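As a plain string of letters, each chain reads:
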Amino acid sequence: MRKDAKRDTKLAHSGSHPEDQSGIVNPPVYHASTVDYDTVAKMKALRENPNDNFVYGRIGTPTSSAFEEAVADLEGADRTIAVGSGLAAISAAMLAFVGAGDHVLICDSAYTPTRNLSENFLKRFGVETTYYDPHIGAEIAKLFQDNTKVIYTESPGSHTFEIQDVPAIVGAAHKAGIKVVMDNTWAASYFFKPLDHGVDVSVQAATKYYVGHSDAMVGTISMRGDTVQPVIDCVRVLGFNIAPDDAYLALRGMRTLSVRLKRHEKNALKVAEWLAEQPEIDRVLHPALPSCPGHEIWKRDFTGSNGLFGVVFKPASEAAMAAFIDGLELFALGGSWGGYESLVLPTNVTRTVTKWSENAQSIRFHIGLEDPDDLIEDIEAGLKRLTKS
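Predicted model only: the values in this text are computed from it and were never measured. (Residues numbered from 1 in each chain as written. Predicted model: local features only at pLDDT ≥ 70, side-chain atom pairs only at ≥ 80, totals over all residues. Heavy atoms only, no water.)

Engineer: Describe in detail the overall build of the chain, supporting the description with residues and values.
Structural biologist: Each helix and strand counted, the chain has 12 helices and 12 strands in total. Counting every position in the chain, which comprises 389 residues, the buried fraction comes to 54%. Looking at the chain alone, contacts between residues at least 24 apart form 73% of all its contacts between residues at least 6 apart. Looking at the chain as shown, the accessible area adds up to about 16,600 Å², and 52% of this sits on carbon and sulfur atoms. The distance from the centre of the 38 positive side-chain charges to the centre of the 50 negative ones in the chain is 2 Å. (Helix = DSSP H or I, 4+ residues; strand = E, 2+ residues; numbered from the N terminus. Buried < 20%, exposed > 50% of the residue type's maximum accessible area, 1.4 Å probe, protein only. Contact = heavy atoms within 4.5 Å. Areas by Shrake-Rupley, 256 points an atom, 1.4 Å probe, with all protein chains shown as cover. Lys, Arg positive; Asp, Glu negative; His and termini not counted. Charge placed at Lys NZ, Arg CZ, Asp CG, Glu CD.)

Quick look at the structure:
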């Protein structure tokens, strides 16, 4: 693969090595636990460099290696390692750089499982967490302690869609020798490349847009330079390997990422702009809309958007909100996102240092690949139910 190949070309070809697979274009699924070394000498040689060899099924297979190569090419990473879920990716990226007595900074808009990791796991092992305002930018330096090792960012937040000034945070962090980890699932490293903005580790729940069909659990961790080996070592020790079937599905999904993302983006913008004009809606939380806080930073740093955004309704009863959601025909009610189907989910935002008091009247939409006019018609009927209730 040419280094200067465009991102869509990389998506179509990275990780595909027909010359190694009897001419087969799409790398097959290798199910493996035991690897036969042939001789003691070969076993010793391979085990001396397990990062580049297949020495045991947990360490990886040609299937997972092909997927990791494709993600690394898209991310612009020296190395990507695939794990069993987005949370596994977040956990390994954090644990690789902290120990007992250390301190981490986590954005107050973080994905709930990240909070659980901090409060129910890291805390038990003597790692202290301070939450910070997602809009803090370079002022985050005021929160640094002598033992601060990692800053965790998520932009936009997966429920409130707050955009962080990642370059400003990175600049402050690196002056103090602090690593920056970013959850970049929303942009999928297609619309924003964290490593190009100085982020040390880019993590994704590849369950979402890479898989694209709501049928596999996958996480990715992408790194450059001196961050590579600590993360690999952490993943190996914890046994956070990816299943070969899931690696296969994720790589296959990546081949159509470009066309799917552009359709998700187009559909979501049409629905979001329509919603913003409805009298029942207080505001739409979509970073690509000028009315959304953080829009200017989004416009500066991102090259596009996707199908995920939030909506805050004007005051409505719990029964009215339920009537709106329960009667939707084209929107499944469930978590996750990034698949071909549209989803709706009541928000469940937890905040520590900043205010968010609108859970009762907020929902999150993921706009899928259906015709957006049909989705708007479905939502319009829901708004009528809400008003009637």
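So that's the structure; there's more coming.
Engineer: Report on the sheet that holds strand S7 (residues 219-223), specifying residues and quantitative values.
Structural biologist: Strand order in the open sheet made by the 7 strands is S1-S7-S6-S5-S4-S2-S3, with mixed pairing throughout. Looking at the sheet topology across the chains shown, the edges are occupied by strand S1 (79-83) and strand S3 (128-132). Along the sheet, successive strands turn relative to each other by an average axial angle of 20 degrees, direction set aside. Running at roughly 130 degrees to S1, helix H3 (residues 62-75) makes contact with S1, strand S6 (201-204) and S7 of the sheet. (Pairing = 2+ DSSP bridges. Axes fitted to C-alpha atoms, helices over the stretch in contact; angles between N-to-C directions.)

Engineer: How would you summarise helix H12 (residues 372-388) if you had to cite specific residues and measurements?
Structural biologist: In an α-helix, one turn spans 3.6 residues; hence positions three or four apart end up facing the same way. In this model H12 runs 24 Å from its N-terminal to its C-terminal C-alpha over 17 residues, within 8% of the 24 Å that 1.5 Å per residue would give. Considered for burial, the residues of H12 that qualify are Pro372, Leu375, Ile376, Asp378, Ile379, Gly382, Leu383 and Leu386. Down the axis of H12, the buried set is contained in an arc of 160 degrees. They therefore lie on one face. The outward face of H12, more than 90 degrees from its buried face, is lined by the exposed residues Glu377, Lys384 and Lys388. (Expected span 1.5 Å × (residues − 1). Arc of directions from axis to C-beta.)

Engineer: Got a sec to walk through the packing of helix H4 (residues 86-95) against helix H5 (residues 112-122)? Specific residues and values, please.
Structural biologist: Close contact between H4 and H5 brings their axes to 10 Å; oriented N to C, the two are set at 50 degrees. It follows that H4 is oblique to H5 by the angle criterion. When you trace H4 past H5, the crossing you get is right-handed. Note on element contacts: H5 touches H4 through Pro113, Thr114, Leu117, Phe121 and Leu122, opposite Leu87, Ile90, Ser91, Met94 and Leu95. (Parallel < 35°, antiparallel > 145°, perpendicular 65-115°, else oblique. Left-handed = near helix turned anticlockwise from the far one by under 90°.)

Engineer: Summarise the side chain of Thr227; cite the residues concerned and give the values.
Structural biologist: In this fold, Thr227 is placed in the loop between S7 and helix H7 (228-238). Classification of Thr227 as buried rests on a relative accessible area of 1%.

Engineer: So what about the sheet that holds strand S12 (residues 362-366)? Which residues, and what values?
Structural biologist: One open sheet holds the 5 strands; their spatial order is S8-S9-S12-S11-S10, and the pairing between them is mixed. The open sheet is flanked by strand S8 (281-285) and strand S10 (331-333), the only strands paired with a single partner. Taken over all neighbouring pairs, the strand axes of this sheet differ in orientation by 25 degrees on average, direction set aside. Here 4 bridges tie strand S11 (residues 342-346) to S12, and the two strands are oriented antiparallel to one another. Opposite Leu343, over in S12, you have His366 as the bridge partner. Across the face of the sheet, helix H9 (residues 257-275) comes into contact with S8, strand S9 (308-313) and S12 while running at roughly 10 degrees to S9. Sheet contacts for helix H11 (residues 318-326): S9, S10, S11 and S12; angle to S12, the most-contacted strand, approximately 10 degrees.

Engineer: Any details on the environment of His264? Residues and values, ideally.
Structural biologist: Relative to the assigned elements, His264 resides in helix H9. Exposure remark for His264: the relative accessible area of 0% places this residue in the buried category. Sequence spacing of His264 and Ser64 is 200 residues, and the spatial spacing of their C-alpha atoms is 27 Å. Not counting chain neighbours up to four residues away, the residues in contact with His264 comprise Tyr209, Asn306, Gly307, Gly338, Gly339, Tyr340, His366, Ile367, Gly368 and Leu369.

Engineer: Run through the pattern of salt bridges, naming residues and quoting values.
Structural biologist: Considering all chains together, one arrives at 17 salt bridges under this definition. Through salt bridges with shared partners, a single ionic network connects Asp108, Arg115, Glu119, Glu162 and Arg351. (Salt bridge = Lys/Arg side-chain N within 4 Å of Asp/Glu carboxyl O.)

Engineer: Lay out the layout of surface pockets in plain terms, naming residues and giving numbers.
Structural biologist: Think of a ball as big as a water molecule: rolled over the atoms, this probe shows where empty space is left. Reported here for the largest pocket is a volume of approximately 430 Å³. What lines the largest pocket is a set of 30 residues, and nearest its centre among them are Tyr111, Ser158, Lys208, Trp337 and Arg364. When residues of the lining of the largest pocket are traced back to their parent elements, those giving at least two are H4, H5 and S11. In terms of residues, the lining of the largest pocket owes the most to one element, H4, which gives 3 residues. Looking at the lining of the largest pocket residue by residue, the classes come out as 12 nonpolar, 14 polar and 4 charged. (1 Å grid on protein atoms, 1.4 Å probe; cavity = no way out; pocket = protein on both sides within 12 Å on 5 of 7 lines; lining within 4 Å. Points joined across faces, edges and corners; volume = space filled by probe spheres on them. Nonpolar A, V, L, I, M, F, W, Y, C, P; charged D, E, K, R; others polar.)

Engineer: Help me get a handle on empty space enclosed by the protein, residues and values and all.
Structural biologist: Summed over all chains, the structure comprises 2 cavities of 30 Å³ or more. Its boundaries defined by the atoms lining it, the largest cavity holds a volume of some 100 Å³. Around the largest cavity, the lining is made up of 14 residues, and of these Ser109, Ala110, Tyr111, His159 and Val349 lie nearest the centre. Within this model, the second largest cavity holds a volume of roughly 30 Å³. Taken together, Leu308, Gly334, Ser336, Trp337, Leu343, Val344, Leu345, Arg364, Phe365 and His366 form the lining of the second largest cavity. Elements with a minimum of two residues in the lining of the second largest cavity: S11 and S12.

Engineer: So what's going on with the packing of aromatic side chains? Residues and values would help.
Structural biologist: Remark: the centre distance and the inter-plane angle together describe each pair of aromatic rings, the angle taken between the planes. The tally for this structure, following the rule as stated, stands at 9 aromatic pairs. Where Phe192 meets Phe302, the ring centres are 4.7 Å apart and the plane angle is 25 degrees; that geometry is what we call stacked. Of this pair, Phe192 sits in the loop between strand S5 (179-183) and S6 while Phe302 is found in the loop between helix H10 (295-301) and S9, placing the two residues 110 residues apart along the sequence. Overall, Phe192 belongs to the buried group, its relative accessible area being 2%. Relative accessible area serves as the criterion here: at 7%, Phe302 is assigned to the buried category. Consider the rings of Phe309 and Phe365, whose centres lie 5.9 Å apart with planes at 45 degrees: the pair is tilted. Of this pair, Phe309 sits in strand S9 while Phe365 sits in strand S12; the two residues are 56 residues apart in sequence, bridging distant segments of the chain. On the basis of relative accessible area, Phe309 is assigned to the buried category, the value being 0%. By the ring-pair criterion, three or more aromatic residues cluster together here, those being Phe309, Phe313, Phe324, Phe331 and Phe365. (Phe/Tyr/Trp six-rings, centres within 6.5 Å; stacked < 30°, edge-to-face > 60°.)

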